[in-house]
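Coordinates in review
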Amino acid sequence: MDFSLTEEQQMIQAAARDFARSQIAPVAAELDARGEFPSETIAQMGELGLMGIEVPEEYGGAGMDPLCYALALLEIAAADASHATIMSVNNTLYCHGIMKYGTEAQKQAFVTPIASGQAIGAYALTEPQSGSDASNMRTRAVLSDDGAHYVINGKKSWITSGPVAKYVMVFAMTDPEQGARGISAFLIDAEADGFLRGKTEPKLGIRASATCEIEFENYRCPAENRLGEEGQGFKIAMGVLDAGRIGIAAQATGIARAAYEASVEYARERQAFGRPIGGFQMIQAKIADMRTRLEAATQLTLSAAWHKQKSREGGGRYTLQASMAKLFASEAAMYVTHQALQIHGGMGYSKELPVERYFRDAKITEIYEGTSEIQRMVISRLETGLR
Ligand code: CAA
């Protein structure tokens, strides 16, 4: 078994790491404190090809493989989880879905500006009354008598990049009697009439990423902007989340790595009782457990990305690998950041160091794109065949 990276994978990893350390890390604390969307650095990431890594070059992307995406996202997350969130929604929840299920015209119109970093994309599945139970949605899309457009009404919540998105992939019921099989997907221009943005959510972590409710009031979506067939929307939503969850696993691993590296440095330097605290067994045990979980999270994430590549080449799903990577990496990030804060003691609790931000940012990875409970349900259903 060969775990070495290709030249291209090493190249994007190094480029993302350089950019993250030189351009993102210095501004991350300030953006977090102000809850400010990082327009400037996100635009630069677009120029570097980081906003559509797997999208072919003819549609504005970098034309690389899923491992390149996971490696780059991990590096960005190690500097700032907010940038990683925006990057992951653009790359997978938005671009991946259209590249997989879209028509040629849809790819050109809706992917190119987003993958090239000229605009931001979003994904709208969750509603105020339905998070984990995603198919229980109330947003309706009704086809006009002449079949030219759908009229969409309803409300979506917790939309990452909602306040700044130019285009949004939206899921709505076209046939409520069919349940999950009555859901369809649509590509929405957020600047058209009938698209309303609600207030921005005040969040515990990933504060520099912007999240809001969006509302549709008799929004007229041209029929040609339906993504996939009528009734195929829930499968599209779930398939897209398989890809998205690998990104969240990479994000969680990046946060964990940053917290781990800070802890090793602190354990070497901080003196107590006449020696570095890293010499005490209780700190040693923490470092060992943190490192081991970080390594396992990294390997599961890269393995899931590898399975996605195999699926691209030969078909088939990688749901199991994506859910396991997301479940493990997010819980590892929570564990590692918690231990990092403890190792740093009072300094870990202070906003003078980034450790408290890592701790706050890690929590979301156990919640969005499917909670840990949902990942366990998905894994168990796939393994036992029981529900
Ligand atoms: N790929 C393709 N098809 C899939 C699939 C997948 N990964 N998962 C399920 N399906 C298909 C099933 O095969 C089934 O098809 P048939 O009707 O042909 O049998 C259909 O979809 C319905 O599946 P289920 O019966 O399993 O559906 P369910 O109602 O029991 O729900 C669930 C399953 C796993 C709980 C799902 O609802 C789920 O993943 N919930 C969590 C939602 C989530 O992650 N939300 C996050 C939103 S994005 C976000 O976080 C915000 C952001 O901006 C970052």
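1. Here's the deal with the packing of helix H6 (residues 233-269) against helix H8 (residues 319-349)
In the contact formed by H6 and H8, the axes pass within 7 Å of each other and the chain directions differ by 25 degrees. Looking at the two axes, H6 sits roughly parallel to H8. Remark: the crossing between H6 and H8 carries left-handed chirality. Residues of the contact of H6 with H8, tallied by class, amount to 18 nonpolar, seven polar and three charged.

2. With respect to helix H4 (residues 81-101)
With 21 residues, H4 should reach 30 Å at 1.5 Å per residue; the first-to-last C-alpha distance of 28 Å fits that figure. Along H4, the sharpest kink reaches roughly 35 degrees, centred on Cys95. Here H4 lies mainly inside the structure; 20 of its 21 residues are buried.

3. Section: the domain arrangement of the protein
We note that the domain assignment places domain 1 (7-120), domain 2 (122-231) and domain 3 (234-384) within the protein. Its C-alpha centre places domain 1 at a distance of 23 Å from the equivalent point of domain 2. Taken together, the 26 residues of domain 1 in the interface contact 21 residues of domain 2. Summed over both sides, the interface of domain 1 with domain 2 buries roughly 1900 Å², with 69% coming from carbon and sulfur. Area buried by domain 1 at its contact with domain 2 is led by Gln106, Phe110 and Ile120, which between them contribute 28% of it. On the surface where domain 1 and domain 2 come into contact, there are one salt bridge. We note a salt bridge from Arg207 to Asp32, for which the minimum N-O separation is 4.0 Å. At the level of elements, helix H1 (7-34), H4 and helix H5 (104-115) are the ones that each hand at least two residues to the side of domain 1 that touches domain 2. It is H4 that provides the largest number of residues to the side of domain 1 that touches domain 2, a total of 10 residues.

Basis of the calculations
- Residues numbered from 1 in each chain as written.
- Predicted model: local features only at pLDDT ≥ 70, side-chain atom pairs only at ≥ 80, totals over all residues.
- Heavy atoms only, no water.
- Axes fitted to C-alpha atoms, helices over the stretch in contact; angles between N-to-C directions.
- Helix = DSSP H or I, 4+ residues; strand = E, 2+ residues; numbered from the N terminus.
- Parallel < 35°, antiparallel > 145°, perpendicular 65-115°, else oblique.
- Left-handed = near helix turned anticlockwise from the far one by under 90°.
- Nonpolar A, V, L, I, M, F, W, Y, C, P; charged D, E, K, R; others polar.
- Expected span 1.5 Å × (residues − 1).
- Bend = angle between axes of the 7 residues up to and from the residue.
- Buried < 20%, exposed > 50% of the residue type's maximum accessible area, 1.4 Å probe, protein only.
- Domains from an automatic or database assignment.
- Contact = heavy atoms within 4.5 Å.
- Buried area = accessible area lost by both parts, 1.4 Å probe.
- Salt bridge = Lys/Arg side-chain N within 4 Å of Asp/Glu carboxyl O.

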